[in-house]
Amino acid sequence: MNIEILGEGAFGSALVQLSPGEKFASESGALYRASPNVDIDVTTRSRSKGGFLAGVKRLLAGENFFLSTYSPTDGQGGEVGLAPTHQGEVRVIEADGHTPWMCTGGSYLGSSTGIELDTQFQGLKGFISGEAPWFIKASGSGSLLVTAFGRITEMTVNEPLTVDTGHVVAFEETLQYTITKVGGSWMQSWLAGEGFVMNFTGQGRILTQSHNPTEFGRRLGPRLPARQG
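No experiment lies behind these values; they were computed from the predicted model shown.

## Observations regarding the overall build of the protein
Helices and strands together make up the secondary structure of the protein, namely four helices and 18 strands. Sorting the 229 residues of the protein into buried and exposed places 45% on the buried side. Partitioning the intrachain contacts of the protein with sequence separation of at least 6 by distance along the chain shows that 76% fall at a separation of at least 24. Here the protein has roughly 11900 Å² of accessible surface; of this, 53% comes from carbon and sulfur atoms.

## What to know about the sheet that holds strand S16 (residues 175-181)
Spatial strand order, S14-S17-S16: three strands in an open sheet with antiparallel pairing. The sheet is open, and its two borders are formed by strand S14 (161-164) and S16, each paired with just one other strand. Pairwise comparison of adjacent strand axes, ignoring direction, gives a mean angle of 30 degrees for this sheet.

## Things to note about the packing of aromatic side chains
In the structure shown here, the tally under the stated rule is five aromatic pairs. Seen from their ring centres, Phe171 and Phe200 are 5.1 Å apart, and the 65 degrees between their planes marks the pair as edge-to-face. With Phe171 in strand S15 (residues 168-172) and Phe200 in strand S17 (residues 196-202), this residue pair connects regions lying 29 residues apart in the sequence. Look at Phe200 and you get buried, because its relative accessible area is 0%. Three or more aromatic residues joined by ring pairs form one cluster here, namely Phe135, Phe171, Tyr177 and Phe200.

## Examining the nonpolar core
Counting residues in each nonpolar core, the largest one holds 18 residues, and the members touching the most others are Leu117, Leu144, Val146 and Leu207. When contributions to this core are tallied by element, the ones reaching two or more residues are strand S8 (90-96), strand S9 (101-103), strand S11 (115-121), strand S12 (134-147) and S15. In terms of residues, this core owes the most to one element, S12, which gives four residues. Leave out the neighbours within four places in its chain, and Val146 touches Glu89, Val90, Arg91, Ile93, Cys103, Ser107, Leu109, Ile152, Val169 and Leu207.

## Quick word on the side chain of Ser111
Looking at the secondary structure, you find Ser111 in strand S10 (residues 108-112). Overall, the relative accessible area of 3% leaves Ser111 in the buried class. Polar side-chain contacts of Ser111 include one of 2.8 Å to the side chain of Tyr108. When residues no more than four places from it in sequence are discounted, the contact partners of Ser111 are Phe24, Ala25, Leu117, Ser143 and Leu144.

## Some remarks on the pattern of salt bridges
Scanning the entire structure with this criterion turns up six salt bridges. Arg33 is the salt-bridge partner of Glu79, the closest N and O atoms lying 2.3 Å from each other. Remark: Arg33 occurs in strand S4 (residues 31-34) and Glu79 occurs in strand S7 (residues 78-82); sequence separation between them is 46 residues. One salt bridge in this structure joins Arg205 and Glu154, with 3.6 Å as the shortest N-O distance. Taken as a pair, Arg205 in strand S18 (residues 204-209) and Glu154 in strand S13 (residues 152-157) lie far apart in primary sequence, 51 residues in all. Glu154 gets classed as partly exposed once you look at its relative accessible area, which sits at 38%.

## Thoughts on the side chain of Ser143
Assignment of secondary structure puts Ser143 in strand S12. Its relative accessible area of 11% is what places Ser143 among the buried residues. A distance of 3.1 Å separates a polar atom in the side chain of Ser143 from a polar atom in the side chain of Glu94. Once residues within four sequence positions are removed from consideration, Ser143 is found in contact with Ile3, Phe24, Val92, Ile93, Glu94, Gly110, Ser111, Ser112 and Ile115.

## Re the confidence of the model for the protein
A low pLDDT means the predicted coordinates there should not be read in detail. On average, the protein scores 82 in pLDDT, and the residues at 70 or more come to 74%. Within the model, pLDDT remains below 50 along residues 55-63, and this stretch shows 35 contacts once partners closer than five positions in the same chain are excluded.

Cut-offs applied
Residues numbered from 1 in each chain as written. Predicted model: local features only at pLDDT ≥ 70, side-chain atom pairs only at ≥ 80, totals over all residues. Heavy atoms only, no water. Helix = DSSP H or I, 4+ residues; strand = E, 2+ residues; numbered from the N terminus. Buried < 20%, exposed > 50% of the residue type's maximum accessible area, 1.4 Å probe, protein only. Contact = heavy atoms within 4.5 Å. Areas by Shrake-Rupley, 256 points an atom, 1.4 Å probe, with all protein chains shown as cover. Pairing = 2+ DSSP bridges. Axes fitted to C-alpha atoms, helices over the stretch in contact; angles between N-to-C directions. Phe/Tyr/Trp six-rings, centres within 6.5 Å; stacked < 30°, edge-to-face > 60°. Core = buried A, V, L, I, M, F, W, Y, C linked by side-chain atoms within 4.5 Å. Polar contact = N/O pair within 3.5 Å; in protein donor to acceptor, adjacent residues only side chain to side chain. Salt bridge = Lys/Arg side-chain N within 4 Å of Asp/Glu carboxyl O. pLDDT = per-residue confidence, 0-100.

Written out as structure tokens, the structure is:
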């Protein structure tokens, strides 16, 4: 399997080249092209786990209910083009089978069959932050595609790091975090126009996005014309 990232910056996409017998899964609706010998199977499952409940949990995490699985059908190789809904970069993470990745809501785009998906509840801190209270946990070995709104930056955390909750894309499970407000008081946070941040500790990698889709929606919404009917 080979994955080529097409387009740099705001309009990234991925071209997945499959060898005979290989499969690749993506969130439903991500497909924009495929070779004619590629079969598309729509399911709620990831590596035969979870069924209907797995789809419901992905909905709670801000992902699609269904997954689409692609595989060549004629003993030849095939290719699949995948693109996110938001304008932004696409990044390939090569999971090593030892350290799971936690993907925030909407950042999962696709994965090879060696990756198992599960949904992890953040607890009350997820509700407090205003972001999706569930993460997609990607464990196993293989290729994981994530997407962001804007540019993706990868950092290796060796000392405490603070990131705005709306700018986290994915991070290794070896990192721990707490959610706190910005500033010494609620009034300071409100006056600064900031909300909540995630304070990371431990050692591991983290991917962040340059733009916040939730904040973008809040700014854009009032400028759109009213719906008719």
